Amino acid sequence: MPLILEPGTTLVAATHNPGKAKELVALLDGRFEILAAGSLGLPEPDETESTFTGNALLKARHAAQLSGRIALADDSGLSVAALDGAPGIFSARWAGPTKDFAQAMAKVEARLIETGSDDRSAWFTSALAVAWPDGPAVVVEGRVDGRLVFPGRGDRGFGYDPIFVPDGHGQTFGEMDPVHKDAMSHRARAFALLKAALF
Ligand code: IMP
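Scope of this entry: the structure provided in the associated data block. (Residues numbered from 1 in each chain as written. Predicted model: local features only at pLDDT ≥ 70, side-chain atom pairs only at ≥ 80, totals over all residues. Heavy atoms only, no water.)

## Observations concerning the environment of Asp-177
Its place among the elements puts Asp-177 in the loop between strand S6 (164-166) and helix H4 (178-184). Each C-alpha atom, one on Asp-177 and one on Gly-157, is 9.0 Å from the other, the two residues being 20 residues apart in sequence. At a separation of 2.9 Å, a polar atom in the side chain of Asp-177 contacts the main-chain amide nitrogen of Val-179. (Helix = DSSP H or I, 4+ residues; strand = E, 2+ residues; numbered from the N terminus. Polar contact = N/O pair within 3.5 Å; in protein donor to acceptor, adjacent residues only side chain to side chain.)

What follows is the structure, given as structure tokens:
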């Protein structure tokens, strides 16, 4: 059976973050009805895998099994070359329970100084997974490469955006017009791959 998503299908977005569910609807050009897992009362699974793709698949499979519907999940984060890929899948967790990204960015800077390395290369990754309740699943990964700057600049983005300058650009993701960020981001690249795979 080919894995094809028909327009108008209802998908469960495996996120408890209403902002993320909205972003998924926008990135899918309104082609699908989206129900947020949080609004269905589905519990969030522990993210026990060691890769972005593993965690995206785990979340999509969990939501598909519990809801009986096709489910979409993402997992994303910032990886720093000189920190052997950290914070990586722990990107959200480095911000602590209060989601303090000023603290998370300070931690990245402190760890970099500790290494003594002057390598500031880093990348964002976005893994997207779609799972069917009866088993099959598709997972893709998009990546954008760049370098870190300290102190951070700009307040237009979220998370680690102020310290990330994508290759070929001078502005950080935090300074950039969101339209430009969305055109080149790891998430946009992952969505392009997902669309090519499923639509
Ligand atoms: P997730 O919700 O487990 O996928 O956590 C992703 C975390 O990675 C977010 O909390 C952000 O800290 C970080 N992250 C992912 N994508 C971006 C981005 O586009 N800009 C800034 N930070 C990001």
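## Some remarks on the site of the ligand
Residues in contact with the ligand amount to 15 residues; listed here are only the nearest, Lys-20, Phe-101, Asp-161, Lys-181 and Arg-187. In the complex, 89% of the free accessible area of the ligand, which totals 490 Å², lies under the protein chains. Listing elements by their share of the shell around the ligand, those giving two or more residues are strand S3 (71-80) and helix H5 (186-198). Among the elements that take part in the shell around the ligand, S3 stands out by supplying 3 residues, more than any other. Broken down by class, the residue content of the shell around the ligand amounts to 5 nonpolar, 5 polar and 5 charged. (Near = heavy atom within 4 Å. Areas by Shrake-Rupley, 256 points an atom, 1.4 Å probe, with all protein chains shown as cover. Nonpolar A, V, L, I, M, F, W, Y, C, P; charged D, E, K, R; others polar.)

## Overview of the side chain of Asp-161
Position of Asp-161 relative to the elements: it lies in the loop between strand S5 (137-148) and S6. Discounting chain neighbours no more than four positions away, the residues touching Asp-161 are Phe-124, Thr-172, Phe-173, Gly-174 and Lys-181. (Contact = heavy atoms within 4.5 Å.)

## Describing the pairing of S3
Burial analysis of S3 places 9 of its 10 residues in the buried class, which makes it a mostly covered element. In terms of strand pairing, strand S1 (residues 10-13) meets S3 through 2 bridges, oriented parallel. By the bridge assignment, Ala-13 is partnered in S3 with Leu-72. Note that S3 and strand S4 (residues 121-131) share 10 bridges and pair antiparallel. Bridge pairing links Leu-78 to Phe-124 in S4. (Buried < 20%, exposed > 50% of the residue type's maximum accessible area, 1.4 Å probe, protein only. Pairing = 2+ DSSP bridges.)

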